[in-house]
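Each chain is listed here by its residues.
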Amino acid sequence: MAETVPSLLAQGAAATRAAAHLPPAAHLPPAAHLPSVAHLPPAAHLPLAAHLPLAAHLPPAAQSADATQSATRPAAEGFDVVVVGAGPAGSAAALTLARAGVRVCLVERGPFPGAKNMYGGVLYGRVLDGLLPGWWQEAPVQRWVTRRATMVVTPTQSLTVDFRTTAWGEPPYNGATVYRSDLDAWLAAKAEAAGAVLLCSTTVTGLTRGPTGQVTGVRTDRPDGDLPARVVVACDGVNSLLAKEAGLYRHPEPEHFTLGVKEVLALPRQDIEARFGLAGREGTDIEILGCTGDVPGGGFLYTNLDTIAVGVVLQLPGLASSGRRPEELIAGLKAHPAVAPLVVGGQLKEYSAHLIPEGGWDMLPDLAADGLLVAGDAAALCLATGIWLEGVNYAIASGAAAGEAAAAALASGDTSAAGLAGYRHRLESSFVLADFKRLRRAPGLVLSERVQRRYPQIACNLVERLFTVDNPNPKPRLLAAGRAELRRSAVRARDLARDAWTALRAFG
Ligand SMILES: Cc1cc2nc3c(=O)[nH]c(=O)nc-3n(C[C@H](O)[C@H](O)[C@H](O)COP(=O)(O)OP(=O)(O)OC[C@H]3O[C@@H](n4cnc5c(N)ncnc54)[C@H](O)[C@@H]3O)c2cc1C
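All chains use their own residue numbering, which begins from 1 and follows the written sequence. Owing to the predicted nature of the model, reporting of local features is limited to residues with pLDDT of at least 70; listing and counting of side-chain atom pairs is limited to 80 or more, with chain, interface and lining totals taken over all residues. Values reported for side chains reflect all heavy atoms of the structure, with hydrogen atoms and water molecules removed beforehand.

Peer 1: Can you walk me through the pattern of salt bridges in this structure?
Peer 2: Opposite charge on two side chains allows them to pair when their charged atoms are near. Salt bridge criterion: a side-chain nitrogen from Lys or Arg within 4 Å of a carboxyl oxygen from Asp or Glu. Overall, the coordinates contain 25 salt bridges when judged by the stated rule. In this structure, Glu404 and Arg426 form a salt bridge, with 2.9 Å as the shortest nitrogen-oxygen distance. One end of the pair, Glu404, is in helix H11 (residues 392–412); the other, Arg426, is in helix H12 (residues 422–428), and 22 residues separate them in sequence. Given the relative accessible area of 29%, Arg426 is considered partly exposed. Between Arg492 and Asp495 there is a salt bridge; the shortest N-O distance is 3.2 Å. Only protein chains enter the accessibility calculation, which uses a 1.4 Å probe. A residue is then buried if its area is under 20% of the maximum for its type, exposed if over 50%, and partly exposed in between. Given a relative accessible area of 46%, Arg492 falls into the partly exposed group. Counting from the N terminus, the helices are DSSP H or I runs at least four residues long and the strands are E runs at least two residues long.

Peer 1: How should I be thinking about the side chain of Arg143 in this particular structure?
Peer 2: Within the secondary structure, Arg143 is located in strand E4 (residues 141–153). For Arg143, the side chain forms a polar contact with the main-chain oxygen of Leu305, separated by 3.0 Å. In protein, a polar contact requires one atom able to donate a hydrogen and another able to accept it; more generally it is a pair of N or O atoms within 3.5 Å, and residues adjacent in sequence count only if both atoms are side-chain atoms.

Peer 1: Can you help me understand the sheet that holds strand E10 (residues 227–228) in this one?
Peer 2: Sheets are built from strands paired through backbone hydrogen bonds, the pairs being either parallel or antiparallel. DSSP bridges decide pairing: two strands pair if at least two such bridges lie between them. Read across the sheet, three strands follow the order E8-E9-E10 without closing on themselves; strand pairing throughout is antiparallel. Two strands bound the open sheet, and with one partner strand each, they are strand E8 (204–209) and E10. In the sheet, E8 pairs with strand E9 (residues 215–220) via five bridges, with the strands oriented antiparallel. By the bridge assignment for E9, Leu207 is matched with Val218.

Peer 1: What is the right way to read helix H13 (residues 431–438) from this model?
Peer 2: The α-helix advances 3.6 residues per turn, and as a result positions three or four apart in sequence lie on the same side. Taken as a whole, H13 has its buried residues at Val432, Leu433 and Phe436. Down the axis of H13, the buried side of the element spans an arc of 80 degrees, and every buried residue falls inside it. Between two residues, a contact is recorded if the distance between any of their heavy atoms is within 4.5 Å. On its buried face, H13 is in contact with strand E19 (383–384), H11 and H12. Measuring from the side-chain oxygen of the N-cap residue of H13 to the backbone nitrogen of Val432 gives 3.1 Å; that N-cap residue is Ser430. Each direction from the helix axis to a C-beta atom contributes to the arc, which is the arc of those directions.

In short, the description is geometric, and any link to function would need to be established separately.
Now the structure itself:
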């Protein structure tokens, strides 16, 4: 039965819970969520079913009992704020707003939060210290990452910096592998417990505007389903429908996007622990450079309790022009001599694909318009710099900042772009824009041809020469061997110096 938004509001959270159980076929995302077809490789048209998580990872009802308090609100009051998208950004925004006493509705197109979401698998949870103190005691963690490796590969070689520390296996922890279906449901339940109304199985199809152009709410795919609000917080993820409709992205470029493709492979827990040298809840995060052939990108390998996540991220224009398919590139990564022993025998449980906004500082949109804020991937706040692929922590921080700014604007009675400007100030004085600004040169450097292909080859060849005992020849001199490798790979000393300088400025 299709219910109208007013009737849902009248029935409150009990109705939102019922709506969450509509049949999945009703929850297919609109085609408009994908970027312009002209910019997409064929792989972006992956079957929608590929986005479904493992049945075993579905949360019980993804709803909190505390949400019933929202049911007492009269429908006529409506909402002060509508937050679109119950990913990490949206739930953090809704939680912050609800705690500030703001009437907030969190709208999610999936049947439950996390139903449609995927990522590599690591949450950097310290961002939750302020929002949910002691979060690690109840977050749905698979493993605590105590081993982090960066692997550089050529088709036949690999060179790994492999770091481990017991410190990351204790509070306050560093990274944790977590399934998105668990994480998103848990965070949304926190927002509900604080008083937000969660409306699932509802796709926002556009913005509504007043006579001056001020955003006055959202349109939804429900009959009679417009939701009025004084502020809309768009947390609808990468390639945000709402940010684009509001004209906040001035120069979206295809090279600012990658396609992330991931397989989840099931293996017995003891096999994972033996292969990766782990005990108890310890986990591994391996980032891989040089594994995507002629397509700029990278790979990753993460351990969960009894599954492994293995995947690649592929720059869109490079993928399109290569004519290669993402599943072919994952198969190549899994067959690499350094990776095959880690994944062999794994049973494919899930295959998923999702766009990533990787342009960093250079692709950030305007963050506010009259009555509108954008946060998380919708604002391109995902940091991908080779060493780091982090989006969830930036989504949570920016969502919370948007919630604070919206609450302050409502209190002051000015929800224009000027009244909402506190959002940008909050991001500027936090790690969010500090990191994006400092690392603005990193995405371009990491995806450059030399970093992607030539330097991995040089590094691997150099180490191979160093460790090869080539008697009766004497040991090679390191400097001479380095020069020979540079000549062989046709990298000019000038380019090497320029890249080193850029790297120093980007990461130093
Ligand atoms: C392959 C891959 C690997 C990654 N690995 C990591 C990692 O290991 N660690 C990390 O920190 N980050 C990682 N990221 C990045 C991370 O996933 C994102 O940065 C993060 O999910 C952004 O959160 P968000 O809440 O902004 O958006 P999303 O998580 O995308 O959530 C958006 C929500 O909005 C909903 N929605 C969208 N449109 C509508 C609509 N019209 N109406 C209603 N609801 C809507 C969606 O269903 C979804 O629930 C990875 C990403 C990919 C693709």
